[in-house]
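Fold and contact review
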Amino acid sequence: MSNEFYNASGYPANSDEGQASDLRAELLAIQAAMDKLPALLGKGNAMIVVNPGGTGLTSLPISLGTYQPVFTFTTVGNLTIVYSIQDGYYVRLGPLVLVAIRLQMSTFTHTTASGNAQISLPPGLAPTAVNNAAATMSIHGQGITKVNYTQVNGLINSVNTIQLVARGSAQAEVAITTADMPTGGGPSFSGSVIYRTDAP
């Protein structure tokens, strides 16, 4: 079967001494095939794929792990949170990152915090500034009081956070802020999202 990288010539045959020039040509063909492989030194956890032009192989980063997502507001102020659950999981395949989070807060108080509600993404895997407009996180949330709004979603931005927004029938999408999350409650959030990153 023909191979794009190396095809043995069959020379020398078994028990055949062969010519030095022919042996050298075979070794050079093997070396040229090896040169088509991506440099892997220092690239642990890499996925080998054919490049877009179909002319060689290249490596894409892959990783998986856990992290502790943090809930906050644009201005933290005196926001105090104690988590009973603070779980985050991620899988990276090249430029795509899948994140799943689960937060449960047993203590949630604030009087000087302000601005939009947000949740952190995995460190070192910031979203690309473009092409994430459709990266919307489906979230199950509680602890939010916003009349006429029935859904909580997360929008992915380019500063490594999920911005929480509210949606409702015949209602314009709006950001969830401190005014929508009374102090003393016990908010919880869970959901997953896929987004694009240019992180090395």
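Preceding this section is the structure that the text describes.
The sections below set out a description of the structure shown in this document. (Residues numbered from 1 in each chain as written. Predicted model: local features only at pLDDT ≥ 70, side-chain atom pairs only at ≥ 80, totals over all residues. Heavy atoms only, no water.)

Section: the pattern of salt bridges
Per the stated rule, a full pass over the model turns up three salt bridges. Across the salt bridge formed by Arg167 and Glu173, the nearest N and O atoms sit 2.5 Å from each other. We classify Arg167 as partly exposed; its relative accessible area is 25%. (Salt bridge = Lys/Arg side-chain N within 4 Å of Asp/Glu carboxyl O. Buried < 20%, exposed > 50% of the residue type's maximum accessible area, 1.4 Å probe, protein only.)

Remarks on the side chain of Ser120
Summarising the element assignment, Ser120 is placed in strand E6 (residues 114-120). Reaching out from Ser120, the side chain makes a polar contact with the backbone nitrogen of Val70 at a distance of 2.8 Å. In this structure Ser120 touches Tyr67, Gln68, Pro69, Val70, Asn160 and Thr161, once residues within four positions along its chain are discounted. (Helix = DSSP H or I, 4+ residues; strand = E, 2+ residues; numbered from the N terminus. Polar contact = N/O pair within 3.5 Å; in protein donor to acceptor, adjacent residues only side chain to side chain. Contact = heavy atoms within 4.5 Å.)

Side note on unusual backbone geometry
The backbone of Asn148 shows a phi angle near 75°, a positive value even though the residue is not glycine. Note that Asn148 resides in the loop between strand E7 (136-142) and strand E8 (151-156). Phi at Ala170 takes a positive value of approximately 60°, unusual for a residue other than glycine. Of note, Ala170 is situated in the loop between strand E9 (161-168) and strand E10 (171-175). Using a relative accessible area of 83% as the deciding quantity, one classes Ala170 as exposed.

Side note on the packing of aromatic side chains
Under the counting rule described, the total for this entry stands at four aromatic pairs. For the ring pair Phe71 and Phe189, a centre distance of 5.7 Å and an interplane angle of 5° mean the geometry is stacked. Taken together, the positions of Phe71 in strand E3 (residues 71-75) and Phe189 in strand E11 (residues 188-196) put the pair 118 residues apart, joining distant regions of the chain. Taken individually, Phe71 and Phe189 each receive the classification buried, so the pair is uniform in this respect. Grouping aromatic residues by their ring pairs yields a cluster made of Phe71, Phe73, Phe108 and Phe189. (Phe/Tyr/Trp six-rings, centres within 6.5 Å; stacked < 30°, edge-to-face > 60°.)

Considering the nonpolar core
In terms of nonpolar packing, the biggest core is built from 29 residues, with Phe71, Val99, Leu164 and Phe189 touching the most fellow members. Those elements that provide at least two residues to this core are E3, strand E5 (96-109), E6, E7, E8, E9 and E11. Element by element, the count of residues in this core is highest for E5, at six residues. Those residues in contact with Phe71 that sit more than four places away from it in its chain are Leu79, Ile81, Tyr83, Leu103, Met105, Phe108, Ala117, Gln118, Ile119, Leu164, Met181 and Phe189. (Core = buried A, V, L, I, M, F, W, Y, C linked by side-chain atoms within 4.5 Å.)

Let's talk about a nonpolar patch on the surface
A cluster of nonpolar side chains, Leu64, Val91, Leu93, Leu96, Leu98 and Ile194, forms an exposed patch at the surface whose accessible area comes to about 570 Å². By the element assignment, Leu93 lies in strand E4 (residues 80-93). Residue class for Leu93 comes out partly exposed when judged on its relative accessible area of 48%. (Patch = residues over 30% accessible without salt bridge, like charges linked within 9 Å, V, L, I, M, F, W, Y side chains within 5 Å. Areas by Shrake-Rupley, 256 points an atom, 1.4 Å probe, with all protein chains shown as cover.)

Focus on the environment of His110
Within the element layout of this structure, His110 appears in the loop between E5 and E6. Considered as a pair, His110 and Gly77 are 33 residues apart in the sequence and their alpha carbons are 7.5 Å apart. For His110, the contacting residues outside a window of four places in its chain are Phe73, Asn78, Leu79, Thr178, Met181, Pro182 and Thr183.

Focus on the pairing of strand E2 (residues 57-67)
When strand E1 (residues 46-50) meets E2, the two strands line up antiparallel, connected through five bridges. From the neighbouring strand, Val50 faces E2, where its bridge partner is Leu57. Relative to E4, E2 runs antiparallel, the two sharing six bridges. If you follow Tyr67 over to E4, its bridge partner there is Gly88. (Pairing = 2+ DSSP bridges.)

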